[in-house]
Amino acid sequence: MTFILMIIFFVLMYYFMSINKEQQYTIRAMPALQAIPEAVGRAAEMGRPVLWTPGISGALNNSSQGPQILAAISILEYLTEECVKAGVHLQAIVPLPDALPLIEETMRTAYLREGKPEEFNPDQITFISEQSPYLSATLGYMQRYEPASNIFVGGFYYESVVLGEAGNHIGAMQIGGTNNTHQMPFLVATCDYMLLAEELFAAGAAISQNRDMLGSIKGEDFMKVILVAITGVGFILGALNITIIADLLGM
């Protein structure tokens, strides 16, 4: 049964990714994304920087954490463009060595797209490996420069609550986002806006407007509807003492 569901899932994904070449899907508006221009505008008014960091999630080739980093980098591209337009300094603190070249190129391209390639400075990206040094450096940056807005999107671990509380202490506006369920409560409690779980991936797709990514999200949503329907039918039949769905899913 698992194999059959997997085949159905792949067919749906392929179908929606294929037809999306002809028709464009749209993703509902997300308050956290809509708040990014506000966060940048706040920094411009206060004359202070914006801080972006993706957390200590792990390597790009990590199946559970890598996609979060790619989504966070898509958001970084949009954030960088907004900062360039407003003349706001954007500081990225990155603990991920394999993501560093991609992050640098993303920011450089954003400056180029806005017609200000000469304003990009590689020093806007600070690389500090390992969790404790990364956390200490980020806290130090917050204390010294007091960024007006913090963008915490990516794969976070225990550093999420520490960074979130530090941002609240300096009065920063904060936007969070992660698919790590064990860190969501901390970001929800400390951030003004939040991308919950798969909203992070949807936000990355919405910003990049990558047709394959948008099509895959559409296929994933349809698969969820199918699984919820199967589960609902299984509950109803189970109440009638008919266990065919339970037996199939247990195979």
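The rules we used
- Residues numbered from 1 in each chain as written.
- Predicted model: local features only at pLDDT ≥ 70, side-chain atom pairs only at ≥ 80, totals over all residues.
- Heavy atoms only, no water.
- Pairing = 2+ DSSP bridges.
- Helix = DSSP H or I, 4+ residues; strand = E, 2+ residues; numbered from the N terminus.
- Right-handed = clockwise from strand over helix to strand, strands pointing away.
- Core = buried A, V, L, I, M, F, W, Y, C linked by side-chain atoms within 4.5 Å.
- Buried < 20%, exposed > 50% of the residue type's maximum accessible area, 1.4 Å probe, protein only.
- Salt bridge = Lys/Arg side-chain N within 4 Å of Asp/Glu carboxyl O.
- Axes fitted to C-alpha atoms, helices over the stretch in contact; angles between N-to-C directions.

Q: In this structure, what is going on with the pairing of strand 6 (residues 193–196)? I would like to understand it.
A: In regular strands, side chains alternate between the two faces of the sheet. Pairing between strand 5 (residues 173–178) and strand 6: four bridges, direction parallel. Counted as the bridge partner of Gly 177 is Leu 195 from strand 6. With respect to chirality, the unit in which strand 5 leads through helix 8 (residues 184–190) into the neighbouring parallel strand 6 is right-handed.

Q: Help me out: how do you make sense of the nonpolar core in this one?
A: Here is a general trend for soluble globular proteins: nonpolar side chains tend to be buried in one another's company. With 42 residues, the main nonpolar core has Trp 52, Leu 79 and Ile 103 as its most contacted residues. Among the elements that line this core, the one with the most residues is helix 4 (residues 66–86), at nine residues. Of all hydrophobic cores here, the second largest spans 17 residues; its members include Ile 93, Tyr 134, Ala 166 and Met 194.

Q: Help me out: how do you make sense of the pattern of salt bridges in this one?
A: As a working rule, side chains carrying opposite charge can pair if their charged atoms are close by. Under the counting rule described, the total for this entry stands at four salt bridges. Among the salt bridges present, the one from Glu 77 reaches Arg 113, with a minimum N-O distance of 3.0 Å. Taken together, the residues Glu 77 in helix 4 and Arg 113 in helix 5 (residues 100–113) connect sequence positions 36 residues apart. When the shortest N-O distance is used, the salt bridge between Lys 85 and Glu 82 registers 3.7 Å. In this pair, Lys 85 and Glu 82 both sit in helix 4, three residues apart, roughly one turn of the helix.

Q: Would you explain the sheet that holds strand 5 in this entry?
A: Each strand in a sheet pairs with another by means of backbone hydrogen bonds, the pair being arranged parallel or else antiparallel. Ordered by their spatial adjacency, six strands build an open sheet running 3-2-1-4-5-6, and the pairing between neighbours is parallel. Each edge of the sheet is formed by a strand with only one pairing partner; in this case those strands are strand 3 (125–127) and strand 6. Averaged over all adjacent pairs, the angle separating strand axes in this sheet is 15°, with direction ignored. In this sheet, strand 2 (residues 90–94) lies alongside strand 1 (residues 50–53) in parallel orientation, the contact comprising three bridges. Counterpart to Trp 52 in the pairing with strand 2 is Ala 92.

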